[in-house]
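# Survey of secondary and tertiary structure
Residue-level listing of the chains:
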Amino acid sequence: MAKVKNWHLGRDMEYVYEENRPKRQWSIVFDLNKCIGCQTCSMACKTTWTSGKGQESMFWNNVETKPWGSYPLGWDVKVLEKLGHQEWKKHEPYRGKTIFEAAEPTETTVHFFPTDEDWMYPNNGEDDCTGNVSHGTHLNLPHDQWFFYLPRTCAHCTYPACLAACPRKAIYKRPEDGIVLIDQSRCKGYGECVRSCPYKKSMYNPYTRTSEKCIGCYPAVEQGYQPMCVQNCIGKIRVMGFINPPWKARKDNPVDYLVHQMGLALPYYPQLGLEPNIYYIPPIHANREYLTQMFGPKVDDAIKQYKKIKDDPRTQGLLVLLGSTDRIMHSFDVKHGVAYGYDEKGDEIVSVPVIEHSYERPRYDSKYEAVRNNTP
Amino acid sequence: MCGSCTNPFVQIYPRTPLDRIFDTKGDIEVIAGVSNKLADLLGESRMKEMWKDASGEGVHVYLQNIIDHSANLKGYHSKELEKKAQEGIPALVNSRTYPRYSSLEQARSEEKWHTKSGRLEFYRPEVEFIDSGENMLVYREPVDSTPYEPNVIVAKNHEAIRPKKPSDYGLRESDLSVENRQVRNVIKTGPALLNTQHPLRLKLHTHVYHTPKYRHGAHSTTVDTDYTSVWFGPFGDVYRHDKRMPSVVEGYMDINPLDAKALGVEDGDYVYVDADPEDRPYRGFKPTDDFYEVARLMLRARYYPGTPRGIARTWHNMYGSTIGSVQGQKIREDGLARSPETNYQSMYRYGSHQSATRAWLRPTLMTETLVHKGMFGQGIGKGFEADIHCPVGAPREAFVRITKAEQGGFENQKLWRPAALGFRPTYENPGMKTYLKGRFIHG
Ligand code: SF4
Ligand code: SF4
Ligand code: SF4
């Protein structure tokens, strides 16, 4: 076991291998306040990568309704239950144990293996709210009864449990972008990664008899394009970019800005200890204890920040850049009411007005001899 | 070409370089094909002439025609729009404003409203409206989907509300039969209404059943491929572990957990849903009819805490049963509800959401006298106009009885698996209870 730095926890922790951060780290930020649960992302991934034999029930990207939804069934309840009650005080490092630290001496992690039946019903729990809606119910913030959609891909973790658990060292993390891949020629399908990944984002293919997982759409990423599940997001709730650790954060990097600069986006289940690289702007209407369990004690501050966005044109600008370009934005800027995204060389790839303007056309267009009308 | 007055963009789908996978035809090719054949049969060459450009580059002739005759598209060139679309650039619909505010011209008094007087009208002088008591704005109970007396005009007595009573049509006031209750004009105050009952409550009907369109689909798009349909609700399973499943997904009814428990229905159980037996699932049915099982709705019950008590819901967009799909289920080895003859695939084992619903023919939706905006353009229309003045009623609602048909679990399991394992509302296992309260982390 090695001591590694996990900034999500604010402390060092134990991991099987030495700390070895990639040159840059693939990352997605999701604004959960805007996800409509349409599953367009799930279909984008499915039709691109997993339409083959043995992949029928596989959704590398899935969206589940929280708290009742889960794919595979009960994955997060089971992991949290195995890990047990843990302590994390506000503004302090995580005191509890990670899945590596709580493992039995002969094991790498605290884990469970989902059964074949656990992968059926991918949309189990869809739209179920927490409790009974009775007559006279009205809205408060946070809502009395609530649910939200949680879109999930592999988190291409800094300390992947899948990689740590693989006895054949078939899983590797690419130094150039931090994407975690399973070498299909080395994998023998022992399923240790399926068992150990607490997010259940490594999946077993009974036809090829190997394990498979989200590949971060690396062929697109290598060419400067965002993944399919990001490009196709109807709600424009996602942005893929490269995240730096806090000590190297850059204010003009879209992901760094949302995570480090503003503290708006948080990792999910950071207490598990993997330093996962998908980040969520938490839903402001959901129960705070539940959100703390999922996103850690920083969730209160993130929601406070979120409520300030209405007076913050720079953050507004970045949020309208989400879903406005297929390309990977390495930096952004907001000037005179317009938000700009730039590629790696600093060339502009997209510009969007922060506030959409209304236009009025003349009633009669004499050039085309056309009457323009709002009630056609 | 795709555009609508509610969408700011007009887009031409760029031509694909790929050959068609199946022998499918575009709408215009179908029309041209029929027209060509008719031309031959009738010896009328103009019918051929009309569609002579309908394939290949020639379609632009027709597209350009549409553009030239559309107020808000005039000025565009269809070939340019296609070229732009190839690059992923849509064009704007040039309505008066962007975004479009409906009725802007009328609200600003630049143009008249599409009424007889040209102003907004809140009184209807047409005799049909007076006879129905709808000459003034009133609220009516639904014709079927209410636990109270159906179709009652809920109002205090008012001298201007003088509908024809049931006796004026030779009906008894107490006649609440299925055809007569849709035209019955009876006025009651709110408190008086609350003391009444839907006649079906005597037959153990308990729930308003509504069947709105699914939130993520237009028409059947959500069930057109297996991969989209497994996401339609909580029962999708691509491997069909439970071989009773008609497809990789199946129809379900959302019901409040407390209501379901009172009816002895568990989460995931199969239930029958019966509406008014006078005419549903069809008029004059006998339980011994062969067709009865095809028409009678059976589907999964799903505990749904978000629906109030007394209300149940099934989304509208799944394919219903046919004689062939029910037969397929019985004779196919895989048990799929797929017609052996046509391969039509149903998402229900028996019946469909439409087994319980019907159209209601309200007189004030079928007048010959009401004026309204024409379907296209700024002209005034009168009487029937599809989607504008015609029966819409509440074809998606009913008042139903729900009875357990089969248990949700399979292979000797009583309960549906997610409920049995404690991951469903009212069945929570201890871990789930802690999880819901967010207690796995404490400060
Ligand atoms: S989310 Fe799971 S599969 Fe993905 S890198 Fe982390 S541990 Fe591995
Ligand atoms: S990044 Fe690519 S492979 Fe991963 S979930 Fe998204 S679409 Fe699928
Ligand atoms: S496509 Fe976007 S909005 Fe739709 S479910 Fe996926 S993340 Fe949510």
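Residues numbered from 1 in each chain as written. Chains lettered and ligands numbered in written order. Predicted model: local features only at pLDDT ≥ 70, side-chain atom pairs only at ≥ 80, totals over all residues. Heavy atoms only, no water.

## Re the overall build of chain A
- Helix and strand counts for chain A come out as ten helices and 19 strands.
- Its C-alpha atoms give chain A a radius of gyration of 22 Å, within 12% of the compact-globule value 21 Å for 376 residues.
- Taken along its principal axes, the extent of the C-alpha atoms in chain A is 80 × 55 × 45 Å.
- Restricting the contact set of chain A to residue pairs at least 6 apart, pairs at least 24 apart contribute 63%.
- Surface exposure of chain A reaches about 15,300 Å², of which carbon and sulfur atoms provide 50%.
- Here chain A holds 47 positive side-chain charges and 45 negative ones, and the gap between their average locations is 3 Å. (Helix = DSSP H or I, 4+ residues; strand = E, 2+ residues; numbered from the N terminus. Rg over C-alpha atoms; globule rule 2.2 N^0.38 Å. Contact = heavy atoms within 4.5 Å. Areas by Shrake-Rupley, 256 points an atom, 1.4 Å probe, with all protein chains shown as cover. Lys, Arg positive; Asp, Glu negative; His and termini not counted. Charge placed at Lys NZ, Arg CZ, Asp CG, Glu CD.)

## Let's talk about the site of ligand 3
- Taken together, the neighbourhood of ligand 3 is formed by 14 residues, with Cys35(A), Cys38(A), Cys41(A), Cys233(A) and Arg238(A) sitting nearest.
- For the shell around ligand 3, the class distribution of residues is nine nonpolar, four polar and one charged. (Near = heavy atom within 4 Å. Nonpolar A, V, L, I, M, F, W, Y, C, P; charged D, E, K, R; others polar.)

## Regarding the pairing of strand E2 (residues 11–15) of chain A
All names here are of chain A.
- With five bridges connecting them, strand E1 (residues 2–6) and E2 associate as antiparallel partners. When the bridges of E2 are listed, Asn6 appears paired with Arg11.
- Counting the residues between successive antiparallel strands, the hairpin from E1 to E2 contains four residues, one of them, Gly10, with a positive phi of roughly 70°. (Pairing = 2+ DSSP bridges.)

## Concerning the sheet that holds strand E10 (residues 297–303) of chain B
Residue and element names in this part refer to chain B.
- Pairing is mixed around the closed barrel formed by six strands, whose spatial order is E7-E11-E8-E10-E9-E14. Between one strand axis and the next, the sheet turns by 45° as a mean value, whatever way the strands run.
- The pairing of strand E9 (residues 270–274) with E10 spans four bridges and is antiparallel. The partner of Val273 across the bridge, within E10, is Leu297. (Axes fitted to C-alpha atoms, helices over the stretch in contact; angles between N-to-C directions.)

## Overview of the pattern of salt bridges
- All chains considered together, the criterion is met by 73 salt bridges over all chains.
- Of the charged contacts in the structure, one is a salt bridge between Arg314(A) and Asp333(A), with a shortest N-O distance of 3.2 Å. Of this pair, Arg314(A) sits in helix H10 (residues 313–321) while Asp333(A) sits in strand E14 (residues 331–335); the two residues are 19 residues apart in sequence, bridging distant segments of the chain.
- We classify Arg314(A) as partly exposed; its relative accessible area is 27%.
- When salt bridges that share partners are traced, they join Asp144(B), Glu179(B), Arg181(B), Asp276(B), Asp279(B), Arg280(B), Arg283(B) and Arg358(B) into one network. (Salt bridge = Lys/Arg side-chain N within 4 Å of Asp/Glu carboxyl O. Buried < 20%, exposed > 50% of the residue type's maximum accessible area, 1.4 Å probe, protein only.)

## Regarding the confidence of the model for chain B
- With 99% of its residues at a pLDDT of 70 or more, chain B has an overall mean of 93.
- Predicted complex, confidence summary: ipTM 0.96, pTM 0.94. (pLDDT = per-residue confidence, 0-100.)

## Brief notes about the nonpolar core
Residue and element names in this part refer to chain A.
- Membership of the largest hydrophobic core comes to 118 residues, with the highest contact counts inside it found for Val29, Phe148, Tyr199, Leu258, Tyr268, Tyr269 and Phe295.
- Ranked by the residues each element gives to this core, the list is headed by helix H2 (residues 75–83), at five residues.
- For Phe148, the residues in contact, after removing those within four places along its chain, are Leu32, Glu64, Thr65, Lys66, Pro283, His285, Ala286, Tyr290, Leu291 and Met294. (Core = buried A, V, L, I, M, F, W, Y, C linked by side-chain atoms within 4.5 Å.)

## Some words on the site of ligand 2
Residues and elements named next belong to chain A.
- Taken together, 13 residues form the shell around ligand 2, and within it Cys45, Cys214, Cys217, Pro227 and Cys229 come nearest.
- If you list the elements that add at least two residues to the shell around ligand 2, you get helix H1 (40–49) and helix H6 (228–231).
- For the shell around ligand 2, a count of residues per class yields ten nonpolar, three polar and no charged.

## Examining the side chain of Glu134(B)
All names here are of chain B.
- Inspection of the secondary structure assignment puts Glu134 in the loop between helix H6 (127–131) and strand E4 (139–140).
- A distance of 2.6 Å separates polar atoms of two side chains, one belonging to Glu134 and the other to Arg362.
- For Glu134, the contacting residues outside a window of four places in its chain are Arg124, Phe129, Arg140, Arg362 and Thr364. (Polar contact = N/O pair within 3.5 Å; in protein donor to acceptor, adjacent residues only side chain to side chain.)

## Some details on the layout of surface pockets
- Roughly 960 Å³ of volume is contained in the largest pocket.
- As for the largest pocket, its lining consists of 29 residues, of which Lys236(A), Ser324(A), Glu356(A), Phe9(B) and Pro90(B) are closest to the centre.
- Going through the elements one at a time, H6, H10 and strand E16 (348–353) of chain A are the ones with two or more residues in the lining of the largest pocket.
- No other element matches E16(A), which puts four residues into the lining of the largest pocket.
- Here the residues of the lining of the largest pocket are counted per class, giving 16 nonpolar, nine polar and four charged. (1 Å grid on protein atoms, 1.4 Å probe; cavity = no way out; pocket = protein on both sides within 12 Å on 5 of 7 lines; lining within 4 Å. Points joined across faces, edges and corners; volume = space filled by probe spheres on them.)

## Overview of the domain arrangement of chain B
- Domain assignment breaks chain B into domain 1 (9–92) and domain 2 (207–359 + 396–436).
- Inter-centroid distance (C-alpha atoms) of domain 1 of chain B to domain 2 of chain B is 41 Å. (Domains from an automatic or database assignment.)

## Focus on the sheet that holds E14(A)
Residue and element names in this part refer to chain A.
- Ordered in space as E14-E15-E16, the three strands form an open sheet in which the pairing is antiparallel. With one partner strand each, in any of the chains shown, E14 and E16 form the two edges of the open sheet. Strand-to-strand twist of the sheet, defined as the mean angle between neighbouring strand axes without regard to direction, takes the value 20°.
- As judged from the five bridges shared by strand E15 (residues 338–342) and E16, these two strands associate in the antiparallel manner. Looking at the pairing, Tyr340 lines up with Ser351 of E16.
- In this fold H10 packs onto E14, E15 and E16, with an angle of close to 125° to the strand it touches most, E14.

## Thoughts on the packing of aromatic side chains
- Scanning the model with the defined rule gives 35 aromatic pairs over all chains in all.
- Centroid distance Tyr280(A) to Phe295(A): 5.8 Å. Interplanar angle 55°. Geometry classified as tilted. Note that Tyr280(A) is positioned in strand E13 (residues 278–281) and Phe295(A) in helix H8 (residues 288–295), a separation of 15 residues in sequence. A single burial state applies to Tyr280(A) and to Phe295(A), both of which are buried.
- With a centroid separation of 6.0 Å and an interplanar angle of 75°, the aromatic rings of Tyr319(B) and Tyr344(B) are classed as edge-to-face. Highlighted residues: Tyr319(B) in the loop between strand E11 (311–313) and helix H11 (323–331) and Tyr344(B) in the loop between H11 and strand E12 (371–373), separated in sequence by 25 residues.
- You can call Tyr344(B) partly exposed: its relative accessible area is 27%.
- An aromatic cluster is built from Phe30(A), Trp75(A), Tyr199(A), Tyr268(A), Tyr269(A), Tyr280(A) and Phe295(A), whose rings are joined through pairwise contacts.
- In this structure, Lys5(A) packs its charged tip against the face of Trp247(A), placed 5.7 Å from the ring centre.
- A cation over an aromatic ring shows up here: Arg24(A) above the ring of Phe242(A), its NZ or CZ 4.3 Å from the ring centre. (Phe/Tyr/Trp six-rings, centres within 6.5 Å; stacked < 30°, edge-to-face > 60°. Lys NZ or Arg CZ within 6 Å of the ring centre and 35° of its normal.)

## With respect to the environment of Phe423(B)
- Mapped onto the secondary structure, Phe423(B) falls in the loop between helix H12 (417–420) and helix H13 (430–436).
- With relative accessibility at 6%, the residue Phe423(B) sits in the buried group.
- Sequence separation of Phe423(B) and Lys433(B) is ten residues, and the distance between their C-alpha atoms is 9.3 Å.
- Excluding its chain neighbours within four sequence positions, the residues that come into contact with Phe423(B) are Trp68(A), Leu73(A), Gly74(A), Val77(A), Lys78(A), Pro418(B), Asn429(B) and Met432(B).

## Regarding the packing of helix H3 (residues 59–68) of chain B against helix H4 (residues 78–86) of chain B
Residue and element names in this part refer to chain B.
- One way to put it is that H3 packs onto H4 with a least axis distance of 9 Å and a crossing angle of 105°. Considering the angle they form, H3 stands roughly perpendicular to H4. Taken together, the residues of H4 that come into contact with H3 (itself represented by His60, Leu63, Gln64 and Ile67) are Ser78, Lys79, Leu81 and Glu82.
- Of the residues that constitute the contact of H3 with H4, the class distribution is three nonpolar, three polar and two charged. (Parallel < 35°, antiparallel > 145°, perpendicular 65-115°, else oblique.)

## Looking at a nonpolar patch on the surface
Residue and element names in this part refer to chain B.
- Nonpolar side chains collect at one region of the surface, where Val30, Val34, Leu38, Leu41 and Leu42 lie side by side and expose about 470 Å² of accessible area between them.
- Relative to the helices and strands, Val34 resides in helix H1 (residues 27–42).
- The class of Val34 is partly exposed, set by a relative accessible area of 48%. (Patch = residues over 30% accessible without salt bridge, like charges linked within 9 Å, V, L, I, M, F, W, Y side chains within 5 Å.)

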